[in-house]
Amino acid sequence: MADTAPVIAADIGGTHSRLSLISRSDRTARPLSVCKYHKFRNADFDGLTSILDTFLGDMDCSQIRGAAIASAGYFMGDDLIAGNLPWRVSLADIRQRLGLNEICAINDFVAVAYGTLYLNPADVVVMNRRAVRPEQGAVAVLGPGTGLGASVLLQGHAGPVALNTEAGQAGLSPETDLELEIFKYLRAKYGFANVEHVLSGPGLLNLYNALAEINDRTVTLNSPEAISEAAVAGTDKPAVEALSLFCEMLGSASGNFALSYGARGGLYLAGGILPKIRNFLIESRFMDRFTAKGDMRPFLEAIPVNLIEHGQLGVIGAAGWYMDSLSTSYANGR
């Protein structure tokens with residue numbers, strides 16, 4: 001089959017799944033061409049194969065080169081282990097449905113990191129206006145959604161490589177007296193307080209509830225969506241306080257992540273939450289906390305920080321990773 005044959009790319013999140021049919025004009029072309037794209041609500045389907053049925057319809061799969069499945073969690077054999085999904089994902093079932101052997105699975109934030117290779121200036125909002133032009137070096141990607149995803153893109157001799165990380169599972173590091181009180185609240189609730197317990201949709205709800213307990217006030221909102229909407233609208237002071245703290249702690253975590261990997265190539269913010277609170281995030285103390293690392297402030301002030309506003313980046317990154325891998329010895333040797 002020709003190298004230019006299209007690839008099915010899927011970006012499976014905890015709430016939504018995005019599917020696309022993607023091709024390119026030749027073996028190394030950029031950008032990729034998105035031939036078909038659709039976003040599905042997971043709760044409306046009983047599994048990924050049902051979503052594929054709806055997406056593909058009566059399409060002839062013999063004209064498709066392969067498929068790349070990007071998802072949170074990890075695969076054990078052909079089965080995806082992911083606590084945020086409402087149903088089981090099996091690569092064996094997908095192979096049978098599509099009649100394809102070439103199906104690869106990668107972490108969803110590995111796909112987003114790889115997708116940064118295809119970004120245009122119009123796809124991002126600049127967060128760090130003090131930054132110099134990006135240098136050669138690691139590119140970090142961090143994003144809160146149903147969980148907290150994180151990846152790092154490195155440039156190697158054989159081409160770009162995106163690393164999967166579990167930064168969201170790292171221990172939470174409080175930096176203020178208030179954050180220490182929240183840390184104690186989370187430790188009592190979970191036994192171990194990690195970064196994802198505050199920097200995710202459920203994490204925002206944790207912050208809101210923790211602040212209510214610390215300040216001895218009644219909880220009136222019971223979902224991350226309600227909290228963020230009320231905060232953005234400015235109609236609920238406790239919601240504003242919770243979302244402001246969320247943005248500050250995201251700044252601290254992002255600075256730590258950029259330092260850990262020496263992200264001179266830039267840091268990108270992604271995930272399902274941040275584009276919805278874009279202006280709130282820009283006006284928050286995110287950048288103050290990002291750079292507040294003592295002697296490392298000049299290093300962080302020079303790092304470009306951008307908020308991604310490209311809803312299809314996950315599928316584009318998954319497809320790009322898959323297509324590039326076809327020419328490597330790894331892919332040819334499977």
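Worth saying up front: this structure is predicted, and the values here are computed from it rather than measured.

## What about the packing of helix α5 (residues 201-214) against helix α7 (residues 237-261)?
- For the pair α5 and α7, interaxial distance at closest approach is 9 Å and the crossing angle is 125 degrees. By the angle between their axes, α5 is oblique relative to α7. Crossing handedness for the pair α5 and α7: right-handed. Listed contacts from α7 to Leu204, Leu207, Tyr208 and Leu211 of α5 are Pro238, Ala239, Glu241, Ala242, Leu243, Leu245, Phe246 and Met249.
- Of the residues in the contact of α5 with α7, the class split is eleven nonpolar, no polar and one charged.

## What about the sheet that holds strand β13 (residues 305-308)?
- Taken together, six strands build an open sheet; the order of strands is β8-β13-β12-β9-β10-β11 and the sheet is mixed. Each of the sheet's edge strands pairs with one partner strand only, and the pair in question is β8 (124-126) and β11 (159-164). If you compare each strand with its neighbour and ignore which way they point, the axes differ by 25 degrees on average.
- When strand β10 (residues 148-156) meets β11, the two strands line up antiparallel, connected through six bridges. Residue pairing in the sheet places Gly156 in a bridge with Gly159 of β11.

## Some points on the state of the cysteines
- As enumerated under the stated definition, the model contains zero disulfides in all.
- Here Cys104 is not cross-linked by a disulfide; its sulfur's nearest cysteine counterpart is in Cys61, at 16 Å.

Calculation criteria
- Along each chain, residues carry numbers from 1 onward, in the same order as the chain's sequence is written.
- Local features in this predicted model are restricted to residues of pLDDT 70 or higher, and side-chain atom pairs are both shown and tallied only at a pLDDT of 80 or more, whereas totals for entire chains, interfaces and linings draw on every residue.
- With hydrogens and water excluded, all non-hydrogen atoms of the structure serve as input to the side-chain values.
- Lines fitted to C-alpha atoms define the axes, with helix axes restricted to the stretch in contact, and inter-axis angles between N-to-C directions lie between 0 and 180 degrees.
- Only runs of H or I of at least four residues qualify as helices and only runs of E of at least two qualify as strands under DSSP, and these elements are numbered from the N terminus.
- Oblique is the label for any angle not covered by the other classes, which are roughly parallel (under 35 degrees), roughly antiparallel (over 145) and roughly perpendicular (65 to 115).
- Crossings are sorted by hand: turned counterclockwise from the far helix by less than a right angle, the near helix makes the crossing left-handed, and turned clockwise it makes it right-handed.
- Contacts are assigned to residue pairs with any non-hydrogen atoms lying within 4.5 Å of each other.
- In this classification, the charged set is Asp, Glu, Lys and Arg, the nonpolar set is Ala, Val, Leu, Ile, Met, Phe, Trp, Tyr, Cys and Pro, and all remaining amino acids, among them Gly, are polar.
- Following DSSP output, two strands are said to pair if at least two bridges run between them.
- For the purposes of this analysis, a disulfide is any pair of cysteine sulfur atoms at a distance within 2.5 Å.

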